[in-house]
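# Examination of the molecular architecture
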Amino acid sequence: MATLQKIRSKGPLLLIVIGLAMLAFILGDAWKIIRPNQGIQYVGTIAGEDITAMEFQEELEVYTDVIKFANQIQDFTEEEQNNIKDEVWSTMVRDRILQKEANGIGLTVTDAEVRDAIERGDDQFLASTPFSNSDGTFDADVLKSFLAFYSELDQETVSPDEYEYYTGMYNYWLFIEKNIKTNLLYAKYTALVDAAILSNPVAAKNAFDNRILRADVLVASLPYSSVADADVKVSSSDLKAVYNENKPTLYNYSENRDIVFIDYEILPTDADREALLADVNEIVTQLESDVDDYAAFLRRAGSIVSFSEVARSAKNLPEDVALRLDSVKVGGVFGPYYNAMEDSYNAFKYISDATGYDSIQYSMIQVVMADEEAAEKRADSIVTAARKTGADFAAIAQNYGQLVADQWISADSYEPAAISGDNALFLNTLNGMKKGDVTKINITGGIIVIKVSDVKNPVKKYNLAIVKRPVEFSEETSNAAYNKLSAFLSLNTTVEDLRNNAEDSDFRLLYYPGFENYNHTVGGVPKSREALRWVFEAQEGEVSRIYEVGNANDHLLAVGVEKIHPRGTRSLEDATASLSLLTLRNKKYDMLKGQLAGKSLDEVKSIDGVRIDTIRLVNFNNDAYISSLSSNEAIVGPSVLNLEQNELSAPMKGNNCVFVAEKITPDSWTAEFDDKSEELRTRSMASSRIMSALIEELYYKAKVVDNRYKIF
């Protein structure tokens, strides 16, 4: 029991305020919205295996529930939901690729190995579980106690919230256990790769020197910008040579598209602002009279700050409201006033104030009985027993089959929410109690007996009715913006038309090369998934209809598909645009290197356009920053490593310049070479590089197709 109390105490308040200010997170039926005429059944393919929408949805629900339990949250932003979907997909890809490879070589993980890993407690997934001892480290005995407890848990003997909590904890553990098994399989696979890697003293010494030795270097550079692009002739054979040289880097793992788009934000007009101010003035007039139901009043008023039946401390009020509290008395109304930071019109009524606490430590016993009179008698007897000197509240709870533990609740966790009903009654009762007080509260469905063990920082709290109305565009303004963009698109129906005419019509045309379907939005505009789906159904040159997007439908979006890049190695024609700059750089290097070749440093310094930089502590493994060009050059270190002091290098091709370098100080760094430890380090680094390349190759062979955008 003590073990379970420790686990239970790690959870938040569950029995009464479990859902304060939390919105329902609905992901469960996402796959069901597929229209019958679309006929889509799969979200992708991994290593020849089709992944159904249902499979992905099930994995998504499991991971979502794990995150909810681990972080004790219920709601996610659109960006957080998208991140969850991406993480689930990445995990599915990784696990299926790894499992297929393991099956092919007979690599397995047994249940006994998983049990051993749990006993050792050294897997990274065990570090943050609630199954820990007093010093916060994972304890297998705590886990075993919980699993034994859960196996005998009777849903009828605990409250629905408790049962939901324990079930969530159990499902959380199943997720952890599954990932431990995957980690063990990956570790075995990595061990096979490690066993095939050897090092030697020569390679270790070379790696040590590359990492440790440093020297000051003088760099004389001629920037490529000193040659005008128009003075460089790039032939088709030049482009083809660069294409062949860089062909391995020009592979598209999935189809992508170059798109252009207009993101037209709808903004309020002066007329919209005047209308809102008039509306808020009328609301203030009504607020100055008696109001029976402030919650309903604020809903009708369109305030984005809902009314709460629980008083709030000043720090949990909107900042602009808190700053004006001293300007109004109880019963008074302040406003309207304009908040430029939020672009909103505001007012508030000071209804009353009270004293509460920053945080409260409490425990409670539930009394749920079919007979209300019997429940009242039992609650009264519990209160009487608990108020006796030296009474043990936890022991009293055990007499009724309940586990209780003191837990803290802070005002910051509930005051920002709009609280009403039983939750408000519960919290207002807590704030009205003193340390050591015991009382009962009649709530819907039963009675709870509360004991306050400790309180911190009594503070003044405020009951306010706050009217906060952001300035928004009207329907007339929205229609005018839509009509303007619609008129433009009716005359410009191709991507070429958009490029030629958008600017003249006061529309900003944005360009996104290599747009891929794993993006969840177009151009980062919220709620633009429908436009994203269109992008991957359209043909080259097509322009979309207008999409009303944004969190408040405050953006109009039109998209054009300029170029489609299929999966596979890009053609020379397709890659020409991206390779042109590289080819131009190569040609400029050929033109400039002769000016530096075969010359002394003094002769190089006298060449028109040459820039001189002294760079301290240049190292083989690190980029050198050339301040006169504001650029990093990776090859400065390698170019001088084997030079003698005061020796000048041959001309080198940098990213932004051609340069020669002279080592002006000897190699120096205080460190002792240890061949054994350096060999281990070298092997470890090689293993990491090889594993990364191997995983990339396995991904390439798996021919992953990601079509989640069609459904999720």
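Residues numbered from 1 in each chain as written. Predicted model: local features only at pLDDT ≥ 70, side-chain atom pairs only at ≥ 80, totals over all residues. Heavy atoms only, no water.

### Structural notes on the overall build of the protein chain
- Scanning the protein chain from terminus to terminus reveals 22 helices and 21 strands.
- What you see for the protein chain is a C-alpha radius of gyration of 34 Å, clearly larger than the 27 Å of a compact globule of 712 residues, by over 25%.
- Seen through its C-alpha atoms, the protein chain measures out along the principal axes to roughly 105 × 70 × 60 Å.
- Each of the 712 residues in the protein chain was classed as buried or not, and the buried ones make up 43%.
- By sequence separation, contacts in the protein chain at least 24 residues apart represent 74% of the contacts at least 6 residues apart.
- Looking at the protein chain as shown, the accessible area adds up to about 37500 Å², and 48% of this sits on carbon and sulfur atoms. (Helix = DSSP H or I, 4+ residues; strand = E, 2+ residues; numbered from the N terminus. Rg over C-alpha atoms; globule rule 2.2 N^0.38 Å. Buried < 20%, exposed > 50% of the residue type's maximum accessible area, 1.4 Å probe, protein only. Contact = heavy atoms within 4.5 Å. Areas by Shrake-Rupley, 256 points an atom, 1.4 Å probe, with all protein chains shown as cover.)

### Brief notes about the nonpolar core
- Counting residues in each nonpolar core, the largest one holds 56 residues, and the members touching the most others are Ile46 and Ile180.
- For this core, the secondary-structure elements that each account for two or more residues are β1 (42–46), α2 (53–71), α3 (78–105), α4 (111–120), α5 (140–151), α6 (160–195) and α22 (675–702).
- The element best represented in this core is α6, accounting for twelve residues.
- Among all residues touching Ile180, those that are not within four sequence positions of it are Val114, Ala117, Ile118, Asp123, Leu126 and Trp173.
- Within the second largest apolar cluster, 20 residues are counted, among which are Tyr357, Tyr362, Ile441 and Ile443. (Core = buried A, V, L, I, M, F, W, Y, C linked by side-chain atoms within 4.5 Å.)

### Section: the packing of helix α9 (residues 270–287) against helix α10 (residues 294–301)
- Where α9 meets α10, the axes come as close as 11 Å, and the angle between the chain directions of the two elements is 165 degrees. By the angle between their axes, α9 is roughly antiparallel relative to α10. As for the relative orientation of α9 and α10, their crossing is right-handed in sense. Where α9 abuts α10, its residues Ile283, Gln286 and Leu287 lie against Tyr294, Phe297 and Ala301.
- Class assignment for the residues of the contact of α9 with α10 results in five nonpolar, one polar and no charged. (Axes fitted to C-alpha atoms, helices over the stretch in contact; angles between N-to-C directions. Parallel < 35°, antiparallel > 145°, perpendicular 65-115°, else oblique. Left-handed = near helix turned anticlockwise from the far one by under 90°. Nonpolar A, V, L, I, M, F, W, Y, C, P; charged D, E, K, R; others polar.)

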